[in-house]
Amino acid sequence: MACQSSALEYHLATLDGEGPWCDWVRELQRHPVVFGYRKGAKAHGQLNLRAFIALRAYIRREQINVIYVCGIRAAFILRWMKPLMPGVCLVQGVRWNPASDSRLDHWFRFLERWSNLLVDGYITNSQIAADTLAQRCRIPTRRIHVIYNGLAEIPADDSETSARPLEVLTVANLSPRKDHLNYLNAITLVLATIPQARFIFVGRDDMSGEVQHAIEQKGLAHAVRCVGFQMDVSSYLKRARLFVLPSPSGEGCPTALLESFAWGCPVVAYAADGIPELVNDNVDGFVVPPRDVTAMAEKIITMLNDGSLAVKFGQAGKKKVADKFTLGACAKFHEIAIKRIVHGIDSDFQMRNVDTKTVGGFGLEWAAFDQSGLIEIEKKQIFNDYFSIFPWGNLPSNAVGADIGCGSGRWASIVAPRVGFLHLIDASEQALEVARKNLGNIANCTFGHASVAELPFEDGSLDFAYSLGVLHHVPDTAAAIASIAVKMKRGAPLLLYLYYAFDNRSWWYRAVWKLSDLTRKIVSTMPFGAKSILCEIIAALVYWPMARCAKQLAAMGKMPMGWPLAYYRDKSFYVMRTDALDRFGTRLEQRFSKGQIECMLREAGMIDVRFSDREPYWCAVGVKK
């Protein structure tokens, strides 16, 4: 990730001594900074005062302004050293879900609960770990950033999984936390049905031969092989028919899992901690209840016996990693998160192509109107108003797309079940919190805090995208559309809704709008509480009577063309309240004619531009050429 970043300069350092990690860093053509030392051939060094003194001296000499630390002991000591390092931000990486009943996790939660104010920000690699920090350690969610691991490249190997030998691979250090001993019981059950199956354990032995001894005792030496730590596991992944992760707890976003997907190798794992965020059950692998040895054995047998299923799952996993878990996206998200932490959540730090006050207003709006009061049938009706022209039939299977400016996530809740994966992006962290809450039960979504100018995707990676009612609130709408288009694949559709310039309305309608816009410019500058009350009054005294008159006139067949607010004639008062605050509470608003919207889409590389012929205007779709 550090090697991929162009906006941040990383110094890769260890408080430990020389060891395999340093050798790996040198292989990446980077120079490791070693503060600690080791005595003899010990597997690990020990944290000592000399290492921390050397770290402090290095920070002052090199003018480092952020320490990004992974490791409980180091993170805890460094937070108490902060007074000795003025101007330095401390960012703590949490690479597992600290929610278990283990002594380590109990101590971690206790320490974080009472000393997290000494840490400037947290980065987790799973949503469930972020939830644990927020709910059990009382860390504000605005200080927690979820960034999944990523891979630098996808292997070009195209060999079908069904042609590989019946080898089941596990890449994990032999430690009690990984639960290899219990996994051996599942292997025994598998071998009773498929005696020719073979199992490979790759990883450092931290149990002093206990696993190897258990293999001998169970009579599994002919079928289970421990090969120790391997610098390069690609040869094992290339041969594996199946990858199994036996950890029943404590997992965040295991890179070994992503690597198995990248080699087209399906996965069987326990549905523990962050694993369900990576493995889509019955799509690219199987997840089973934690410590259910029988269920794990059954799924391993199913995968080994069904070559076509292994191929199908393997291809789905490989596509998912290529679309979602890239090192470029990981690096980009880290750049955004660290810049935000350094400049402060509530500082004047500016994302590109963002009006900060407008973003802040929308955060408050979605917190107030989280769409929990929106009737499901009404939500689907409004969804169809926007998506009536969207070419669902042209999307590939398991399509990966993005909701740009997701707000509360109301549309994502309908889109996500129809596609393979959906990224929700918003410039407001407060809005993302609402979206996370609303979509907490939907597994194929991720949430990213970024502006439209800093989308954390690889160029040409999205199968589709949509942005509804958002880009007319950014300073440069044309640049925003172009930023989305560059992330899309050839032939990928972009659905866009922008406020229209009333180019299909009469002169008097435009005159009424100008009067209302003057009201907006006044109301939008007020504190949120005051403008919220005023917008409630506008909804009650303007939206509701105009909409209900339109409903009655339409029933009588006498509604005049262009009746103001006629769109709301069949909408609930909740929708009117939401939209009144959206309309009159927003500081930055731009409007575009149909021709201007088409021009911006075409300049961004879109072809086959089409417009909806019904309200809301203008809703358009274009295809990336």
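See above for the structure.
Residues numbered from 1 in each chain as written. Predicted model: local features only at pLDDT ≥ 70, side-chain atom pairs only at ≥ 80, totals over all residues. Heavy atoms only, no water.

(A) Broad picture of the sheet that holds strand S7 (residues 167–171). Strand order in this open sheet of 6 strands is S9-S8-S7-S10-S11-S12, and the pairing throughout is parallel. The open sheet terminates on both sides in strands that have one partner only, identified here as strand S9 (224–228) and strand S12 (285–288). Pairwise comparison of adjacent strand axes, ignoring direction, gives a mean angle of 20 degrees for this sheet. Bridge analysis of S7 against strand S10 (residues 242–245) gives 2 bridges, and the strand direction is parallel. Directly across from Val168, in S10, lies its bridge partner Leu242. Sheet contacts for helix H6 (residues 180–193): S7, strand S8 (198–202), S9, S10 and strand S11 (267–270); angle to S8, the most-contacted strand, approximately 165 degrees. (Pairing = 2+ DSSP bridges. Helix = DSSP H or I, 4+ residues; strand = E, 2+ residues; numbered from the N terminus. Axes fitted to C-alpha atoms, helices over the stretch in contact; angles between N-to-C directions. Contact = heavy atoms within 4.5 Å.)

(B) Spatial organisation of the environment of Arg352. Residue placement: Arg352 occurs in the loop between helix H13 (327–343) and helix H14 (356–368). Expressed as a C-alpha distance, the spacing of Arg352 and Val474, which sit 122 residues apart in the sequence, is 9.7 Å.

(C) Molecular detail of empty space enclosed by the protein. For the coordinates displayed, the defined rule picks out 6 cavities of 30 Å³ or more. Of the volumes computed, that of the largest cavity is approximately 100 Å³. If you go around the largest cavity, the residues you meet are Ile144, His145, Val146, Ile147, Phe333, Ile336, Ala337, Glu429, Arg436, Phe447, Gly448 and His449. Taken together, the elements giving at least two residues each to the lining of the largest cavity come down to strand S6 (144–146), H13, helix H17 (429–438) and strand S15 (445–449). Along the lines of polarity and charge, the residues of the lining of the largest cavity split into 7 nonpolar, 3 polar and 2 charged. Here the second largest cavity is characterised by a volume of approximately 70 Å³. As for the second largest cavity, its lining consists of Lys357, Thr358, Gly361, Phe362, Glu365, Phe528, Lys531, Leu581, Gly585, Thr586 and Arg587. Put simply, the parts of the chain that give the lining of the second largest cavity at least two residues each are H14 and helix H20 (528–556). At 5 residues, the largest contribution of residues to the lining of the second largest cavity is made by H14. When grouped by side-chain class, the residues that make up the lining of the second largest cavity number 3 nonpolar, 4 polar and 4 charged. (1 Å grid on protein atoms, 1.4 Å probe; cavity = no way out; pocket = protein on both sides within 12 Å on 5 of 7 lines; lining within 4 Å. Points joined across faces, edges and corners; volume = space filled by probe spheres on them. Nonpolar A, V, L, I, M, F, W, Y, C, P; charged D, E, K, R; others polar.)

(D) Just the sheet that holds strand S14 (residues 421–426), in detail. Sheet architecture is open: 7 strands sit in the order S15-S14-S13-S16-S17-S19-S18, paired in mixed fashion. At either end of the open sheet lies a strand with only one pairing partner, and these are S15 and strand S18 (606–611). In this sheet, neighbouring strand axes are inclined to one another by 15 degrees on average, regardless of whether the strands run parallel or antiparallel. Bridging between strand S17 (residues 493–497) and strand S19 (residues 619–624) involves 5 bridges; their strand directions are antiparallel. By the bridge assignment for S19, Tyr497 is matched with Cys619. On the sheet, helix H22 (residues 594–603) packs against S17, S18 and S19 and is oriented at approximately 155 degrees with respect to S18.

(E) Structural view of the packing of aromatic side chains. Under the definition given, this model contains 30 aromatic pairs. A centroid spacing of 6.3 Å and a plane angle of 75 degrees characterise the contact between Tyr497 and Tyr499, whose relative ring orientation is edge-to-face. Tyr499 shares its class with Tyr497; the two are buried. An aromatic cluster is present here, built from Phe383, Tyr386, Phe387, Phe390, Trp392, Trp411, Phe464, Tyr466, Tyr497 and Tyr499 joined pairwise through their rings. Across the ring face of Tyr509, the terminal group of Arg505 is positioned such that the distance to the ring centre comes to 4.6 Å. The lysine or arginine in question, Lys571, covers the ring of Tyr567, its NZ or CZ lying 4.1 Å from the ring centre. (Phe/Tyr/Trp six-rings, centres within 6.5 Å; stacked < 30°, edge-to-face > 60°. Buried < 20%, exposed > 50% of the residue type's maximum accessible area, 1.4 Å probe, protein only. Lys NZ or Arg CZ within 6 Å of the ring centre and 35° of its normal.)

(F) The arrangement of the nonpolar core in detail. In this structure, Leu78, Leu169 and Phe243 are the most contacted members of the largest nonpolar core, which totals 58 residues. The next biggest cluster of nonpolar side chains, apart from the first, holds 53 residues, and it includes Val91, Phe333, Ala492 and Tyr509. (Core = buried A, V, L, I, M, F, W, Y, C linked by side-chain atoms within 4.5 Å.)

(G) Representation of the pattern of salt bridges within the structure. Inspection of every chain in the model, using the stated rule, returns 27 salt bridges. Where Glu429 meets Arg436, a salt bridge forms, and the shortest distance between an N and an O atom there is 3.0 Å. Residues joined by salt bridges that share partners form a network here, namely Asp517, Arg520, Lys521, Arg583, Glu589 and Arg591. (Salt bridge = Lys/Arg side-chain N within 4 Å of Asp/Glu carboxyl O.)

(H) Just H20, in detail. Its 29 residues place the ends of H20 40 Å apart at the C-alpha level, agreeing with the 42 Å of an ideal helix rising 1.5 Å per residue. The axis of H20 is deflected most strongly, by about 35 degrees, at Ala539. Turning to H20, its buried residues number three or more, namely Lys531, Ser532, Cys535, Ile538, Ala539, Tyr543, Ala547 and Ala550. On its buried face, H20 sits against helix H19 (507–523) and helix H21 (573–584). The first or second residue beyond H20 is Gly557, which carries a positive phi of 70 degrees. (Expected span 1.5 Å × (residues − 1). Bend = angle between axes of the 7 residues up to and from the residue.)

(I) Region of interest: the pairing of S19. Within S19, 5 of the 6 residues are buried, leaving the element largely enclosed by the surrounding structure. As paired elements, S18 and S19 share 4 bridges and run antiparallel to each other. By the bridge assignment, Met606 is partnered in S19 with Lys624.

(J) Inspection of the packing of helix H9 (residues 255–262) against helix H12 (residues 307–324) at higher detail. Two numbers describe how H9 lies on H12: the axes approach to 7 Å, and their chain directions differ by 115 degrees. Packed against H9, whose contacting residues are Leu258, Phe261 and Ala262, the element H12 presents Gly314, Gly317, Lys318, Lys320 and Val321 at the interface. Its residues placed into classes, the contact of H9 with H12 shows 4 nonpolar, 2 polar and 2 charged.

(K) Fine view of the environment of Pro564. Along the chain, Pro564 turns up in the loop between H20 and H21. Taking the C-alpha atoms as reference points, Pro564 and Val542, separated by 22 residues in sequence, lie 9.9 Å from one another. Discounting chain neighbours no more than four positions away, the residues touching Pro564 are Trp508, Tyr509 and Met546.

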